[in-house]
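In case you want the letters, here they are:
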Amino acid sequence: MELIQNLNNNLSEDININNLQNNFLKSNIGQIANTAIDIGIKSLMPEFIENEVIDVKNAIINGGIKEGINTAIENAINLGKNILGINNSDIKSIGEAKSILENGNLINGISKSMDFVLEGLSDNNIISKNTFNLIKGGKDLILNNISTNVENEFENEIKSLKKIEKYISNWEKYYSEKNMDGLNKEYKKIEKQIKNILPLKNIINNINKIENINELIKNNENFDFSEYYLDLAGSF
């Protein structure tokens, strides 16, 4: 009875999936955008000495580019969900996340954020007109790099998701074989890959079930690997 109660308690924990998804997108897409801007500025200013390039990068950071990018991502999520008619729903797939950002005009939002920051820095003489014109003139190159890298990010996430689905299937097989080493091996593989993908409710639920059952097995010497525990956790 204690085993069953523990499993029920663990599975009843609430997950705010929307917050997890928004934070993941802000972190990953934001990092992609900031890296592209950083590399872009350096490539657009080949005649400048390193310290001058660093000063410009710092000025843009202090001017609020990271906050602007986060706002652009958040606005793109809200607009994209609204267009697709899924305002109050969590994102169901990586493909849907990609579609949301595309419909939400993510790249256009980042472009406007860059313009706002650069114009503010130029108007306040924090960066020179020459620097402003160089970066403004090369903005499309930066935006194209962001778009390409975001596309690559989603492709890599889809690959990681397929691996996770395979490992979950392997875990089920090892459970039926009562193979604890196999269970632990597959769970470690899942842990490694789950960090790479957008949090999806069905995947999180399945992994939580696996984690809880693994813990029950480790904490009970007489665990019988009954199908009952899989049924209690819910089908995968």
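The structure reproduced in this document is the subject of the present report. (Residues numbered from 1 in each chain as written. Predicted model: local features only at pLDDT ≥ 70, side-chain atom pairs only at ≥ 80, totals over all residues. Heavy atoms only, no water.)

## Looking at the packing of helix α6 (residues 106-123) against helix α7 (residues 129-137)
Packing of α6 against α7 brings their axes to within 9 Å, and their N-to-C directions diverge by 165°. Here α6 lies roughly antiparallel to α7, going by the angle between them. Crossing angle aside, the handedness with which α6 passes α7 is left-handed. Here α6 contributes Asp115, Leu118, Glu119 and Ser122 to the contact with α7, which in turn contributes Lys129, Phe132, Ile135 and Lys136. (Axes fitted to C-alpha atoms, helices over the stretch in contact; angles between N-to-C directions. Helix = DSSP H or I, 4+ residues; strand = E, 2+ residues; numbered from the N terminus. Parallel < 35°, antiparallel > 145°, perpendicular 65-115°, else oblique. Left-handed = near helix turned anticlockwise from the far one by under 90°. Contact = heavy atoms within 4.5 Å.)

## So, the nonpolar core
Grouped together as the largest cluster of nonpolar side chains are 63 residues, with contacts concentrated most on Leu25, Ile60, Ile110 and Tyr175. For this core, the element with the highest residue contribution is helix α8 (residues 139-176), accounting for 12 residues. Contacts of Ile110, omitting those with residues within four sequence positions, involve Ala33, Ile69, Ala72, Leu143 and Ile146. (Core = buried A, V, L, I, M, F, W, Y, C linked by side-chain atoms within 4.5 Å. Buried < 20%, exposed > 50% of the residue type's maximum accessible area, 1.4 Å probe, protein only.)

## Looking at the side chain of Lys57
Tracing the backbone shows Lys57 in helix α3 (residues 50-62). Ignoring any residue separated from it by four or fewer positions in sequence, one finds Lys57 in contact with Asp38, Ile41 and Lys42.

## Focus on the packing of aromatic side chains
One pass over the structure, following the stated rule, counts 4 aromatic pairs. Taken together, the aromatic side chains of Trp171, Tyr175, Phe223 and Phe225 make up a single cluster linked through ring pairs. Above the face of the Phe132 ring, Lys129 is positioned so that its terminal group lies 5.2 Å from the ring centre. Directly above the ring of Tyr174 sits Lys173, whose terminal nitrogen or CZ lies 4.2 Å from the centroid. (Phe/Tyr/Trp six-rings, centres within 6.5 Å; stacked < 30°, edge-to-face > 60°. Lys NZ or Arg CZ within 6 Å of the ring centre and 35° of its normal.)

## Looking at the packing of α6 against α8
Helix-helix packing: each pair is described by the crossing angle between the helix axes and the interaxial distance. Orientation of α6 relative to α8, taken along the N-to-C sense of each, is 140°, at an axis distance of 10 Å. Between α6 and α8 lies a crossing of right-handed hand. Here Ile107, Ile110, Ser111, Met114 and Asp115 of α6 come into contact with α8, specifically with Lys139, Ile142, Leu143, Ile146 and Ser147. When grouped by side-chain class, the residues that make up the contact of α6 with α8 number 6 nonpolar, 2 polar and 2 charged. (Nonpolar A, V, L, I, M, F, W, Y, C, P; charged D, E, K, R; others polar.)

## Re helix α9 (residues 180-194)
With 15 residues, α9 extends 21 Å between its outermost C-alpha atoms, agreeing within 8% with the 21 Å of an ideal straight helix rising 1.5 Å per residue. Taken as a whole, α9 has its buried residues at Gly182, Leu183, Glu186, Tyr187, Ile190 and Gln193. Down the axis of α9, the buried set is contained in an arc of 130°. They therefore lie on one face. Exposed residues pointing more than 90 degrees away from the buried face of α9 are listed as Asp181, Lys188 and Lys192. Buried residues along α9 sit in contact with α8 and α10 (201-218). Of the residues that open α9, the one with a side-chain oxygen 3.2 Å from the backbone nitrogen of Asp181 is Asn179. (Expected span 1.5 Å × (residues − 1). Arc of directions from axis to C-beta. Polar contact = N/O pair within 3.5 Å; in protein donor to acceptor, adjacent residues only side chain to side chain.)

## Comments concerning unusual backbone geometry
With a phi angle near 55°, Asn105 is a residue other than glycine that sits in the positive phi range. Inspection of the secondary structure puts Asn105 in the loop between α5 (94-103) and α6. Phi is positive for Lys178, close to 55°, though the residue is something other than glycine. Tracing the backbone shows Lys178 in the loop between α8 and α9.

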